[in-house]
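Analysis of the macromolecular model
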Amino acid sequence: MKFSLNSNAKINIGLNVVGVLPNGYHLLDMIMVPISLSDKITGEIEDISGTLEIETNKADIPVNEENILWKIYDKFYTESGLSRRKIHLYLEKVIPHQAGLGGGSSNGAFLLKLLNEFHKNFFSQEKLIEIGKSVGADIPFFLINKSARVTGIGENIEIIENNLKSAIILIKPNFGVSTGKAYKNMTMLNNKKDANIKNIILGLKENRIDIVEASIENHLEQGLFIEDENIKDFRKKLANLNGMKFFMSGSGSAYYTFVPLEESEETVKKIKEYLNSCEVYLCSSL
């Protein structure tokens, strides 16, 4: 069976860290929205015994057991007890990594759904979420892949209504950030600013971008501000783009801004000229 999957990214519209479990996992309360920026996964599943072979267009992406696709493949067949099928796939990466956009988790979720469908929906949705959560915290969201309020460590997903008409421009600077550092530094904050999740939900439902923008905060970004000079300097550059508001997705380093549809292409051109060392993408929510 040949397949072709568009494995999309996400942005976080508001992110609060609300607790820590004994195992060190952080409890979150956030809005996650799937966006149109996508990787492409193509290949073939053969109905014979074998293993997974991964090729990719990026030299720095592992194609062995370290790759999240391999981890999902291994977990699916270990949990199901089914005979492992021979799969060859090609991963065309477009979504920047170390960006807070969930590219790897999306890849894993789309492969997990594909394997389950190939094996005649062997697992229930609840079981797929359990499997996904054991591999990556964002995978459960991508299994649903709809605008949602996400809580717990990422496994509790409440679908919300998103009628926002704005275009989304993503900006990925030429550096990444450490998710571990973002969480560690966040614990040192004395005066965290909380995202107003309920107002964000209201703003998305009513297409009120003013309400959405006024309600966004990100605890992880606030943690990075403590010592990450790259983020602080980049934030200053973004502040020079007058009339635009920028928000970090997840633990960064990517930022996004909302712009009216009719101004989106001109705004992308303006940002690319000003931030010529960055990757800039024009997207929409899905």
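A brief report on the enclosed structure follows. None of these values were measured; they are calculated from a predicted model. (Residues numbered from 1 in each chain as written. Predicted model: local features only at pLDDT ≥ 70, side-chain atom pairs only at ≥ 80, totals over all residues. Heavy atoms only, no water.)

**Some words on the overall build of the protein**
As a reminder of what qualifies: Note on conventions: DSSP H or I runs of at least 4 residues are helices, E runs of at least 2 residues are strands, and numbering of each starts at the N terminus. Within these notes, the globule rule equals 2.2 Å times the number of residues to the 0.38 power, and the radius of gyration is based on C-alpha atoms. Any two residues whose heavy atoms approach within 4.5 Å at even a single point are treated as in contact. Residues scored as charged are limited to Lys and Arg (positive) and Asp and Glu (negative), so that His and the chain ends carry no count. By convention, charge coordinates are those of NZ in Lys, CZ in Arg, CG in Asp, or CD in Glu.
Across its full length, the protein holds 10 helices and 10 strands. A compact globule built from 286 residues would reach a C-alpha radius of gyration of about 19 Å, and the protein, at 19 Å, matches this within 12%. If one aligns the C-alpha atoms of the protein with their principal axes, the spans along those axes are about 60 × 45 × 35 Å. Relative to all contacts within the protein whose residues are 6 or more apart in sequence, the contacts with residues 24 or more apart total 74%. Of note, the protein has its 33 positive side-chain charges centred 2 Å away from the centre of its 36 negative side-chain charges.

**Topic: helix 5 (residues 179-186)**
Rule in force here: Partly exposed residues are those whose accessible area sits between 20% and 50% of the maximum for their type, while under 20% is buried and over 50% is exposed, using a 1.4 Å probe and protein chains only.
Turning to helix 5, its buried residues are A182, Y183, N185 and M186. Summarising the contacts, the buried residues of helix 5 are in contact with strand 1 (2-20), strand 2 (26-49) and helix 8 (219-224).

**Overview of the sheet that holds strand 8 (residues 247-248)**
Spelled out, the test is: Only strands that DSSP links by at least two bridges are regarded as paired with each other. Comment: axis = line fitted to C-alpha atoms, over the contacting stretch for helices; angle = value between 0 and 180 degrees taken between N-to-C directions.
Across the sheet, 4 strands lie side by side as 8-9-7-10; this open sheet has antiparallel pairing. Of all strands in the sheet, those bounded by a partner on one side alone are strand 8 and strand 10 (279-283). Looking at chain direction, strand 7 (residues 167-172) and strand 9 (residues 255-259) are connected through 5 bridges and run antiparallel. Residue I169 lies in a different strand from strand 9, and its bridge partner there is T257. Strands in contact with helix 9 (residues 229-239) are strand 7, strand 8 and strand 9; relative to strand 9, the strand with the most contacts, it is inclined by about 20°.

**Some details on the state of the cysteines**
The bond known as a disulfide is covalent and runs between the sulfur atoms of two cysteines. Worth spelling out the cut-off: The rule for a disulfide is simple: a pair of cysteine sulfur atoms within 2.5 Å.
A complete count under the given rule lists 0 disulfides for this structure. Free of any disulfide, C278 has its nearest neighbouring cysteine sulfur in C283, separated by 15 Å.

**Some points on the nonpolar core**
As a reminder, the rule being used: In plain words, nonpolar cores are sets of buried Ala, Val, Leu, Ile, Met, Phe, Trp, Tyr and Cys residues tied together by side-chain atoms within 4.5 Å.
Core analysis: the largest hydrophobic core is formed by 63 residues, its most contacted members being F3, L89, I171, F234, L238, I271 and L275. Leaving out residues up to four positions away in the same chain, F3 has contacts with I41, T42, G43, E44, I45, I87, H88, L89 and L114. Membership of the second largest hydrophobic core comes to 26 residues, among which are A9, A99, Y281 and C283.

**Let's talk about the pairing of strand 9**
By the criterion of burial, strand 9 is predominantly enclosed, with 5 of the 5 residues buried. Residues Y255, T257 and V259 of strand 9 are buried on one face, and the alternating residues Y256 and F258, pointing to the opposite face, are buried as well. Where strand 8 lies against strand 9, 2 bridges are found, and the strand directions are antiparallel. From the neighbouring strand, M248 faces strand 9, where its bridge partner is Y255.

**Brief notes about the packing of aromatic side chains**
Stated formally: A pair of aromatic rings is counted whenever rings of Phe, Tyr or Trp (Trp by its six-membered ring) have centres within 6.5 Å, and the orientation is called stacked for planes under 30 degrees apart, edge-to-face for over 60 and tilted otherwise.
Counted under the stated rule, the structure contains 10 aromatic pairs. When the centroid spacing of 5.1 Å and the interplanar angle of 65° are considered together, the rings of Y73 and Y77 count as edge-to-face. In this pair, Y73 and Y77 both sit in helix 1 (residues 68-80), 4 residues apart, roughly one turn of the helix. Overall, Y77 belongs to the buried group, its relative accessible area being 2%.

**So, the pairing of strand 2**
Pairing of strand 1 with strand 2 involves 15 bridges; the strand directions are antiparallel. Within the sheet, the bridge partner assigned to S4 lies in strand 2 and is T42. Counting the residues that bridge the hairpin from strand 1 to strand 2 gives 5 residues, and of these G24 lies at a positive phi of roughly 95°. Here strand 2 runs beside strand 4 (residues 85-92); their pairing, made up of 8 bridges, is antiparallel. When the bridges of strand 4 are listed, E46 appears paired with K86.

**Re the packing of helix 1 against helix 3 (residues 125-135)**
Working note: a packed helix pair is described by the angle between its axes plus the distance between those axes. Heads up, the condition is: Oblique is the label for any angle not covered by the other classes, which are roughly parallel (under 35 degrees), roughly antiparallel (over 145) and roughly perpendicular (65 to 115). Crossings are classed by handedness, with left-handed meaning an anticlockwise turn of the near helix from the far one by less than a right angle and right-handed meaning a clockwise turn.
In contact at an axis separation of 10 Å, helix 1 and helix 3 are set at 135° when each is read in the N-to-C sense. Classified by the interaxial angle, the pair formed by helix 1 and helix 3 is oblique. Judged by the twist between their axes, the crossing of helix 1 over helix 3 is right-handed. For the pair helix 1 and helix 3, the contacting residues are I68, K71, I72, K75 and E79 in the first and K127, I131, S134 and V135 in the second.

**Quick word on the pattern of salt bridges**
For clarity, the cut-off: By convention in these notes, a salt bridge is any Lys or Arg side-chain nitrogen within 4 Å of a carboxyl oxygen on Asp or Glu.
Inspection of the entire model under this criterion finds 13 salt bridges. Across the pair K127 and E130 runs a salt bridge whose closest N-O atoms are separated by 3.2 Å. Residue K127 and its partner E130 are located together in helix 3, separated by 3 residues, close to a single helical turn. Judged by relative accessible area, K127 falls into the partly exposed class, the value being 22%. Assessed through its relative accessible area of 46%, E130 is described here as partly exposed. A salt bridge links E213 to K245, with the shortest nitrogen-to-oxygen separation between them at 3.9 Å. Taken together, the residues span a long stretch of sequence, with E213 in helix 7 (residues 209-215) and K245 in the loop between helix 9 and strand 8 at a distance of 32 residues. The class of E213 is buried, set by a relative accessible area of 15%. What you see here is one network of salt bridges that share partners, running through K75, E79, K127 and E130.

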